[in-house]
Amino acid sequence: MGIEDYGGGQVPQSDVLVVTTNDVPGFQVQEVIGEVFGLTVRSRHLGSQIGAGLKSMIGGELKGLTKTLVETRNQAMQRLTEQARSRGANAVLMFRFDVSEAADVGTEVCAYGTAVVLART
């Protein structure tokens with residue numbers, strides 16, 4: 001897994017712009033559609049748990065868990081953009097992630113923001 005695999009975010013050709021800001025320079029909000037979110041819960045498989053336990057004794061990055069978290073965040077973001085698109089939005093403002101443990105069996109990742117329709121000014 002190369003460094004580019006640890007990133008994430010939006011693909012350049014996406015028809016739904018996702019930003020962490022309140023507004024987008026050069027655009028005006030024409031309609032606020034409302035909150036949208038993408039949610040996923042991933043369990044850790046036994047192999048990665050054992051590997052993480054061993055690695056925690058000697059220190060260092062838990063690459064298997066890092067890869068799983070990147071994939072999970074990307075899936076949550078994809079679900080967010082799908083929901084925004086299905087509701088007629090072309091952008092999501094104030095995008096955020098929330099990550100928490102789910103009943104000690106996995107990690108819950110929620111991507112959320114405000115779906116809007118933007119128009120160039």
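The paragraphs below set out a description of the structure included in this document. Since this is a predicted model, take the numbers as computed values, not measurements.

Conventions and cut-offs
- Residues numbered from 1 in each chain as written.
- Predicted model: local features only at pLDDT ≥ 70, side-chain atom pairs only at ≥ 80, totals over all residues.
- Heavy atoms only, no water.
- Phe/Tyr/Trp six-rings, centres within 6.5 Å; stacked < 30°, edge-to-face > 60°.
- Buried < 20%, exposed > 50% of the residue type's maximum accessible area, 1.4 Å probe, protein only.
- Pairing = 2+ DSSP bridges.
- Helix = DSSP H or I, 4+ residues; strand = E, 2+ residues; numbered from the N terminus.
- Contact = heavy atoms within 4.5 Å.
- Axes fitted to C-alpha atoms, helices over the stretch in contact; angles between N-to-C directions.
- Core = buried A, V, L, I, M, F, W, Y, C linked by side-chain atoms within 4.5 Å.
- Polar contact = N/O pair within 3.5 Å; in protein donor to acceptor, adjacent residues only side chain to side chain.

A separate point is the packing of aromatic side chains. A full pass over the atoms with the stated rule returns one aromatic pair. Judged by centre distance (4.9 Å) and plane angle (75 degrees), the rings of Phe 95 and Phe 97 are edge-to-face. Since its relative accessible area comes to 9%, Phe 95 is described here as buried.

If you trace the four strands from one edge of the open sheet to the other, you get β1-β3-β4-β2, paired in mixed fashion. A single partner strand is all that each edge strand has here, and the edge strands are β1 (17–18) and β2 (27–43). Sheet analysis places β2 next to strand β4 (residues 106–120), joined by 15 bridges and oriented antiparallel. Looking at the pairing, Val 36 lines up with Gly 113 of β4. Against the sheet, helix α2 (residues 63–86) makes contact with β1, β2, β3 (91–102) and β4, and its axis sits at roughly 140 degrees relative to β2, the strand it touches most.

Below, the discussion takes up the nonpolar core. Counting 14 residues, the largest nonpolar core has Val 18, Val 36, Leu 80, Ala 84, Val 92, Phe 95 and Ala 115 as its most contacted members. Mapped by element, the contributors of at least two residues to this core are β2, α2, β3 and β4. Of the residues forming this core, the biggest block, four residues, is contributed by α2. Those residues in contact with Val 36 that lie beyond four places of it in its chain are Leu 80, Gln 83, Ala 84, Arg 87, Val 92, Ala 111, Tyr 112, Gly 113 and Ala 115. In terms of nonpolar packing, the next biggest core, distinct from the first, is built from six residues, Val 24, Ala 91, Leu 93 and Leu 118 among them.

With respect to the helices and strands, the residue Thr 21 is situated in the loop between β1 and β2. With a relative accessible area of 38%, Thr 21 lands in the partly exposed category. Aside from chain neighbours lying at most four places away, what touches Thr 21 is Leu 93 and Met 94. Within the structure, the side chain of Thr 21 is placed 2.7 Å from the backbone oxygen of Asp 23, a separation counted as a polar contact.

Here we take up the pairing of β3. As judged from the two bridges shared by β1 and β3, these two strands associate in the parallel manner. Opposite Val 18, over in β3, you have Val 92 as the bridge partner. In this sheet, β4 lies alongside β3 in antiparallel orientation, the contact comprising ten bridges. The residue bridging Ser 100 from the neighbouring strand is Glu 108, located in β4. Between β3 and β4, which pair antiparallel and follow one another directly, the connecting turn spans three residues, one of which, Ala 103, has a positive phi of 55 degrees.

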